[in-house]
Every structure is written in C-alpha cells, then in structure tokens.
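What the coordinates show
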Amino acid sequence: MKRFNKYDRAKEIKKQKLLKEIQDRKLPYLTPKDVQFEELSKAKYSKLNLKPAKCVPQEVHQKVQQGLTTLRDCKCFAQDLVQIKGKDVLTPVSRILIGDPGCTYRYLDTRLFAVPWSSDGVEVKYSRDEIGKACQAVKDLNEYLHGEAMKLLLDRFSSQVKEEGSMGKATPSKPEEPSASVVDETHDKNRGTTLQDRTSFNVVLLNYMDPSNMVYLKEEPYFGMGKMAVSWHHDENLMARSTVAVYNYSCDDLRPTTAEGSGKSVEGRDPACWHIGLKIAWDIETPGLALPLHPGDCYFMLDDLNMTHQHCVLSGLQPRFSCTHRVAECSSGTLGYILGRCEVAMKNMQKDPESGSSCLVSLEPAVVKRTEEIHNEVEFEWLRQFWFQGKRSAKQTDWWFQPMATLENYWRVMEQMTKLLLHEINKEEWPSEKQREILSCLLPLVEERQVLRMSWMARCQSRLVNNLPIDDQPECRPHWQDEDPDMPLPYDLQETISCLRNRFMSASKQWN
Ligand SMILES: O=C(O)CCC(=O)C(=O)O
Ligand SMILES: [Fe+2]
C-alpha cells in the first residue's frame, strides 16, 4: 500500500523544481584541494567539525576496529527494508543499532531495536563473548565521542562569548552577556535541554558497506559527486539541536586506484575515497562540500547543523564501516515507555468478582480512545516493527524476546478489550447520542488498525524480502486466521468496520 503523504508530495515537487532549475548543469562543490575550501567551511559549514585519525587515541582505534570487524564476521549487519515515499527500499548499507538497554531508533518508517550495551551494572548476555566485547568497544567509543563533542561545543561557546564580549566593549550600551543566539545554542529554554543532554548519545547506528558487492549505486544528482551509499537526508528522530558524532573506518589503502595516482583529472572528489557530502537544504547558491574520510577519522555535526543542512555518504572503493552516535528522541521510543502505556491500558480491564469473567471498567469515550490508541501503538510501533525484522537480533542476544512476549500478552488482552467494547456498543439500550460519541472515538482507530495491518502485510510480502538472508526475513506477527477460536476478533476487520459504520450512521440520524 502506498503511503505518499502530503508532506512527501510537497517535498517531491520542491525537489523536482530544484532539479529542473539546475537541469544538466551541475552545481559547484568544493573539496579540501580547493583554495576556497577553508573559507567556505568557516562561513557556511562551521558546525561541521573533523577530527583526524591521528588526534584520536590509538587504543580507541584498535578496539573499535577490532569490534567492527567482529560484528561483520558474525553477520550482525543487516540491510533494512525501509519505506521511502511509500515504496519499499532495501538500504544499500547494512546496519546494526547498539545502545542503552530498551532504547529504539526510528528512521524511514522502521524502528530499530538497540542491541543493549551493559550499563549501570546490568550485565547483558550475548550469544558470543566477542560480540559482547564489540558492544563494549562501541560503548567506550561513545563515551570518548561524548567528551570530545562537549569540548567542541564548549570551545565554540567560549569563543563566541569572547567575540561578543569584545563587541560589547565597543558598544557599551550592551551588557557583557552572551547574546541570545549563544544562549540558545547552550541551553534551549523551551525544552530545557543542555549541552550535556545534547551530546549524551543513547544509541549508535553502525553502518557497513562493501562497494564491490553492490551492483548499483545511485549517482549524486545535484553536484555530480559520484556514487552514493546513502542519499541526501536529514537524520530523523533526534533530540533537537543534538550532536551526531561519527567514527569512520574505511578499510582503505592497499588497492592502487585513486584518480590522482593514475594521473587522471583531479577535478572533483577522488572516487576511490569515501566522503561525506554536505549541502545547505534547498540552497542552490552555496557550493556543496565533499569531505574525504580516512580510516579512523571522526566528524561531528554540531548543534542544528542536521536541521539546516543535509548530508549524504559518497562511496569509495573499499569496504567501509561507520559508527554514528546519536541522541535519539526516545520519549515514546523506549521499552519502559511502552510497558508503561500497556499498564495504563490494563487499568480499564477488570475481573467481575461474581462471574469471574473479564469486563471493562469504563466506557467513557476518553478512556476508550486512550485504550484503543495504545492497542494500535503496541501492535504497530512495537510488535510488527520488531517481527518485521525477523530474528535478526538473536544473532547478538536474546535480550528483546522476553519483552516482546510480554508486550504480545498485553496486546492480546487489548484484543479482548476491543471485543468487549464492541459487545457493549451493540447493546440496544444506548442513547443514540452516547453511542454516536463512543463510535466516533472508536471507529477511526479501528479503521487505522485495518489500514496498518494491510500495509504491514504488504510490506512483509515485498519481493525485496527474497534478497534478505532467511533469519532477517520479515515475519508478519501477530497473524492468525479469522476463524481462530483462540483469538477474540478476526485479523481482517473489514466486516467489523462496516457494522460500526452502519451503527454510526443510524445513531447520527436518530440524534439529528
Ligand atoms: O556513515 C556516515 O558517515 C553517515 C551515515 C549517515 O548519514 C546515516 O546513517 O544517517
Ligand atoms: Fe545521516
């Protein structure tokens, strides 16, 4: 089922307009070989910061690179079957998410479930010791990059304060306080987040791609930067103004392939070397940047760079890993959160002390609405998202399976609750106004459930599924036959919806 929403459509039109404007003439971009590179970086890309490999402790390199190689050798990286503008797409890069226990990260309609690193003394059981060691290496890198990001931001802050302080001297009417912009950057008053919060990475999205295994990679369309491993985008689902820190491990060197080496034109970027591409969103005046990355280099996207600019990953010739450290906006993205929601829903279920059978506590529209919303949330944002990714997380740890079983049990109770509710609604004694009110809460949520069930089923049946290893292939779960006696309601809700619509219409007529 295509879900090309209004927002996507507007963006697509804007993009096509831009491409038309550019037509065949490519926009200019700079690399460090260009004399204006420094000047442009300073003026337009000052929130991008590169930390060359030689400035990173050798011990960090050694452990991280060993860990990344282990994860690849244990087949822990998987391509994601994401949705872009309502279409199924298999990402060219393979990924794994590692992070705080119970944390998830959502991108391109896909929720990734973090393989937990051990934290707060909570030990995680991994399927192999070396995987545990690799997760620890990623966690240590996370600590290191958090510290480095803090330093960068504090440096920026103090130099801005100085700058504005000296301007303050020239114009004595201004108090010697950091300007609003600097304060904004340091402390977002509305959200109450600090520099510390905005660099406390809770997840790391690791990427891996070996270009020699890729039959086809898209060409970068605006600047002619060459093959892309990841197309232009803003990172999604991040805390506002939070830093993204990236460790690059391109397994470079050995093969003699660079354009420079072969004496070919040195215009543009070296196609043998991996680069990160940057541009200002919707700007065709400012040249883009292509920043070459060598093994062990780190880069930082500070503050609001991810909002104002887009980035892409330009493929080199060698296999390459990256660890992208992020502050996921996880107010509705942790296991603790969804368990809490399920407990809220459970409050509306009770056992009748006389008959011993289950019944609903309240039929208040607000309560009904909340319960049915939670029902959809746990089904589509957790259960189906998880099983869509097959058993891939089992390669690292069985950590997520128990929580998923718990969530599924809650969900089953919610199926029962919806059934009880339908039963209540069908009773004739309801005043039509009340009936109309409750149906107007329930109907849209049941309709949404049906649409999402069908679209998840279609996603699971995408032909692209066949390109995935068996363990990574989607499971359409929960799934059952409509006549399954163990299930309170049918899987396909079309008939239920028709009945509800009819009831709603007759209740509306009577009411009017
Ligand atoms: O690999 C990189 O350097 C960045 C990857 C990226 O942009 C992403 O995964 O969102
Ligand atoms: Fe990104």
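Residues numbered from 1 in each chain as written. Chains lettered and ligands numbered in written order. Predicted model: local features only at pLDDT ≥ 70, side-chain atom pairs only at ≥ 80, totals over all residues. Heavy atoms only, no water.

For clarity, the threshold we go by: UniProt positions are given in the numbering used here, feature names are shortened, and annotations may be inferred rather than shown by experiment.
An unreviewed UniProt entry lists the chain under the name Alpha-ketoglutarate-dependent dioxygenase FTO, with Callorhinchus milii given as the organism. UniProt's Cofactor (unreviewed entry) comment on the chain is quoted here verbatim: "Fe(2+)". Taken verbatim from the UniProt record of the chain, the Sequence similarities (unreviewed entry) comment is "Belongs to the fto family."

**Focus on the pairing of strand β14 (residues 288–292)**
Going by this rule: To sort residues, take the accessible area from a 1.4 Å probe on protein chains only and compare it with the maximum for the residue type: under 20% means buried, over 50% means exposed, and anything in between is partly exposed. By definition, any uninterrupted DSSP run of H or I lasting at least four residues is a helix, any uninterrupted run of E lasting at least two residues is a strand, and each is numbered from the N terminus. Should DSSP find at least two bridges between two strands, the strands are regarded as paired.
Where burial is concerned, most of β14 is hidden: five out of the five residues are buried. Burial along β14 is two-sided: Gly288, Ala290 and Pro292 facing one way and Leu289 and Leu291 facing the other are all buried. Two elements, strand β13 (residues 275–280) and β14, share four bridges in a ladder whose sense is antiparallel. For Gly277, the partnering residue across the bridge sits in β14 and is Ala290.

**A word on the pattern of salt bridges**
Applied cut-off: The salt bridge criterion pairs a side-chain nitrogen of Lys or Arg with a carboxyl oxygen of Asp or Glu, the two atoms within 4 Å.
The full count for this structure, using the stated rule, is 31 salt bridges. In this structure, Asp472 engages Lys395 in a salt bridge whose closest nitrogen and oxygen atoms are separated by 3.2 Å. In this pair, Asp472 sits in the loop between α10 (432–460) and α11 (494–511) while Lys395 sits in the loop between α8 (365–388) and α9 (401–425), placing the two residues 77 residues apart along the sequence. Among the ionic pairs, Arg477 bridges to Glu475, the shortest N-O distance being 4.0 Å. Several salt bridges share partner residues, and in doing so they unite Lys47, Arg198, Arg241, Asp303 and Asp304 into one network.

**Description of the layout of surface pockets**
As a reminder of what qualifies: Using a 1 Å grid laid over the protein atoms alone, points where a 1.4 Å probe fits but cannot get out form a cavity; open sets with protein on both sides within 12 Å along at least 5 of 7 lines form a pocket; any residue with an atom within 4 Å of a point counts as lining. Grid points are joined across faces, edges and corners, and a volume is the space filled by probe spheres set on the points. Charged residues are taken to be Asp, Glu, Lys and Arg, nonpolar residues to be Ala, Val, Leu, Ile, Met, Phe, Trp, Tyr, Cys and Pro, and polar residues to be all remaining types, Gly included. Boundaries of every domain are those given by an automatic assignment or by a domain database.
By volume, the second largest pocket amounts to about 400 Å³. Around the second largest pocket, the lining comprises 18 residues; the ones closest to its centre are Phe77, Ala78, Gln79, Ser94 and Tyr208. Residue assignment for the lining of the second largest pocket shows that the elements contributing at least two residues are β3 (78–84), β4 (87–99) and β10 (203–209). Classifying every residue of the lining of the second largest pocket by side-chain character gives nine nonpolar, four polar and five charged. Shared between two domains, the lining of the second largest pocket takes at least three residues from each, and those domains are domain 1 (8–157 + 192–254 + 266–326) and domain 2 (335–471 + 482–510).

**Topic: the coordination of the iron ion (ligand 2)**
Stated formally: Only nitrogen, oxygen and sulfur atoms qualify as donors, provided they sit within 2.8 Å of the metal or within 3.2 Å for Na, K and Ca; with water excluded from the atoms, sites may seem incomplete.
Protein-derived ligands of the iron ion (ligand 2) are His233 (NE2), Asp235 (OD) and His311 (NE2), with the metal-ligand distances lying across 2.1 Å. Along the chain, the residues that donate to the iron ion (ligand 2) are spaced as H-x1-D-x75-H.

**Regarding the site of ligand 1**
The test is simple: The criterion for a residue being near a molecule or strand is simple. One of its heavy atoms has to lie within 4 Å of it. For the purposes of these results, a polar contact is taken to be a pair of N or O atoms within 3.5 Å, where, inside protein, one atom must be able to donate a hydrogen and its partner to accept one; residues adjacent in sequence count only when each atom of the pair is a side-chain atom. Shrake-Rupley sampling with a 1.4 Å probe provides the accessible areas, and residues are treated as covered by the protein chains on show and by no other component.
Neighbouring ligand 1 are the residues Arg95, Asn207, His233, Asp235, Val246, Tyr299, His311, Val313, Arg320, Ser322, Thr324 and Arg326. Asp235 places a polar side-chain atom, nitrogen or oxygen, 3.1 Å from an oxygen atom of ligand 1. Separating an oxygen atom of ligand 1 from a side-chain N or O atom of Ser322 is a distance of 2.7 Å. In isolation ligand 1 exposes 290 Å². Once the protein is present, 96% of that is buried. Mapped onto the shell around ligand 1, the elements with two or more residues apiece are β16 (309–314) and β17 (320–326). The element best represented in the shell around ligand 1 is β17, accounting for four residues. For the shell around ligand 1, the residue count by class is three nonpolar, five polar and four charged.

**Considering the domain arrangement of the chain**
The condition that has to hold: Only heavy atoms enter the contact rule, under which two residues are in contact if any of them lie within 4.5 Å. The quantity reported as buried area is the accessible area (1.4 Å probe) lost by two parts once they are put together, taken as the sum for both.
Here the chain is partitioned into domain 1 (8–157 + 192–254 + 266–326) and domain 2 (335–471 + 482–510). On a C-alpha basis, the centres of domain 1 and domain 2 stand 37 Å from each other. Taken together, the 33 residues of domain 1 in the interface contact 22 residues of domain 2. Together domain 1 and domain 2 conceal approximately 2,200 Å² of surface at their shared face, both sides included; 57% is due to carbon and sulfur atoms. If you sort the residues of domain 1 by the area they bury against domain 2, Leu81, Arg111 and Phe113 come out on top, with a joint share of 30%. Inspection of the domain 1/domain 2 interface yields three salt bridges.

**Structural notes on a negative patch on the surface**
How we decide: Patch definition: residues above 30% relative accessible area lacking any salt bridge, with like charges linked at up to 9 Å and the nonpolar side chains Val, Leu, Ile, Met, Phe, Trp and Tyr linked at up to 5 Å. Charged-residue counts in this description rest on Lys and Arg as positive and Asp and Glu as negative, His and the chain ends being excluded. In plain terms, the charge of a residue is placed at NZ if it is Lys, CZ if Arg, CG if Asp and CD if Glu.
Taken together, the side chains of Asp482, Glu483, Asp492 and Glu495 make up a negatively charged region of the molecular surface. Mapped onto the fold, Asp482 is located in the loop between α10 and α11. On the accessibility criterion, Asp482 (38% relative accessible area) is partly exposed.

**Concerning the packing of α9 against α10**
Inclusion rule: Lines fitted to the C-alpha atoms define the axes, with helices restricted to the stretch that makes contact. Angles between their N-to-C directions range from 0 to 180 degrees. An angle below 35 degrees is treated as roughly parallel, one above 145 as roughly antiparallel, one from 65 to 115 as roughly perpendicular, and anything else as oblique. If you view the pair so one helix is near and one far, a crossing is left-handed when the near helix is turned anticlockwise from the far one by less than a right angle, and right-handed when it is turned clockwise.
Remark: α9 packs on α10, axes separated minimally by 12 Å, with the N-to-C direction vectors making an angle of 140 degrees. With respect to their mutual orientation, α9 and α10 come out oblique. Note that α9 runs across α10; the crossing there is left-handed. Taking contact as the criterion, the partners of Trp411, Glu415, Thr418, Leu421, Leu422 and Ile425 in α9 are, on α10, Gln435, Ile438, Leu439, Leu442, Arg449 and Arg453. In terms of residue class, the contact of α9 with α10 is made up of seven nonpolar, two polar and three charged.

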